[in-house]
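# Observations on the three-dimensional arrangement
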Amino acid sequence: MTTLLMRMRAPMMSWGDHSRFTIRDTRREPTKSAVIGLLCAALGRPRWEPVHDLAALKMGVRVDREGVMLCDYHTIMDSIKSSGKPGDTVLSDRYYMADADYLVGLEGDRALLETLDTALESPCWQLYFGRKSFVPSCPVQVGITELGLADALKDFQNYPTRWQQLSSKQNYTKPKREFKEPKLRCVLEVENELDVRRDVPLDWQKRLFGSRCVETKYLEVAECISLK
């Protein structure tokens, strides 16, 4: 088994999965459609190309920092109807996660994961988290491990990762702070479970999505490193 690891951290992120009209929701962790969309941007894969190979990858998310859900009130004036005629003022509530930190894993074919890892190192298009203004605050690429998905997410703190390397650089003036995190929430894709998410992209242009089941577990972590 091979797992590709990615770190998703930013001041603001949005993970909507059933947004309609004037209410734009967000989940508390990345959706599969958002992760696959980010990978398509890294690959330079346009919306009309199929994504079946990426959708088949098994996904898991470890929430290293839960973040805070916030809401923006938007007013759009001078809108245009589908007929081309001037529309009314549109009011909308847009939710997003602030100051969250996620470790995302994808398990599957090694050749495909290596291609994705290379693309994340030098993306073809701009990477963003849900909205184009929500850009990463650190490199998304973490690397590939031969561990399975669950083990890779659990044992990540033992790896010589870019996250830990950043904290040891001499030009980094802010000290790292060690703290104890009793449990980290982990959302894993499984075959059968009552928690069903409709966030598997089937066709971007037609906005068709399939379903998957997820299971939430809590990982006991003795010590984590946080950069403040």
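These notes cover the structure that comes with them. (Residues numbered from 1 in each chain as written. Predicted model: local features only at pLDDT ≥ 70, side-chain atom pairs only at ≥ 80, totals over all residues. Heavy atoms only, no water.)

## Concerning the environment of R24
With respect to the element layout, R24 can be found in strand β2 (residues 23-24). Owing to a relative accessible area of 35%, R24 belongs among the partly exposed residues under this scheme. Measuring from C-alpha to C-alpha, the distance between R24 and R94 comes to 4.7 Å, with 70 residues separating the pair along the chain. (Helix = DSSP H or I, 4+ residues; strand = E, 2+ residues; numbered from the N terminus. Buried < 20%, exposed > 50% of the residue type's maximum accessible area, 1.4 Å probe, protein only.)

## A word on the side chain of D101
Along the chain, the position of D101 falls in strand β5 (residues 90-107). Classification of D101 by relative accessible area gives buried; the value is 2%. Looking at D101, its side chain comes within polar contact range of the side chain of R7, at 2.5 Å. (Polar contact = N/O pair within 3.5 Å; in protein donor to acceptor, adjacent residues only side chain to side chain.)

## Some points on empty space enclosed by the protein
In total, this model carries two cavities of 30 Å³ or more according to the counting rule given. Considering only enclosed or pocket space, the second largest cavity measures out at about 40 Å³ in volume. Looking at the lining of the second largest cavity, the elements with two or more residues in it are β3 (58-65) and β9 (195-203). A breakdown of the residues in the lining of the second largest cavity according to their chemical character gives four nonpolar, two polar and four charged. (1 Å grid on protein atoms, 1.4 Å probe; cavity = no way out; pocket = protein on both sides within 12 Å on 5 of 7 lines; lining within 4 Å. Points joined across faces, edges and corners; volume = space filled by probe spheres on them. Nonpolar A, V, L, I, M, F, W, Y, C, P; charged D, E, K, R; others polar.)

These figures come from the coordinates and say nothing about function on their own.
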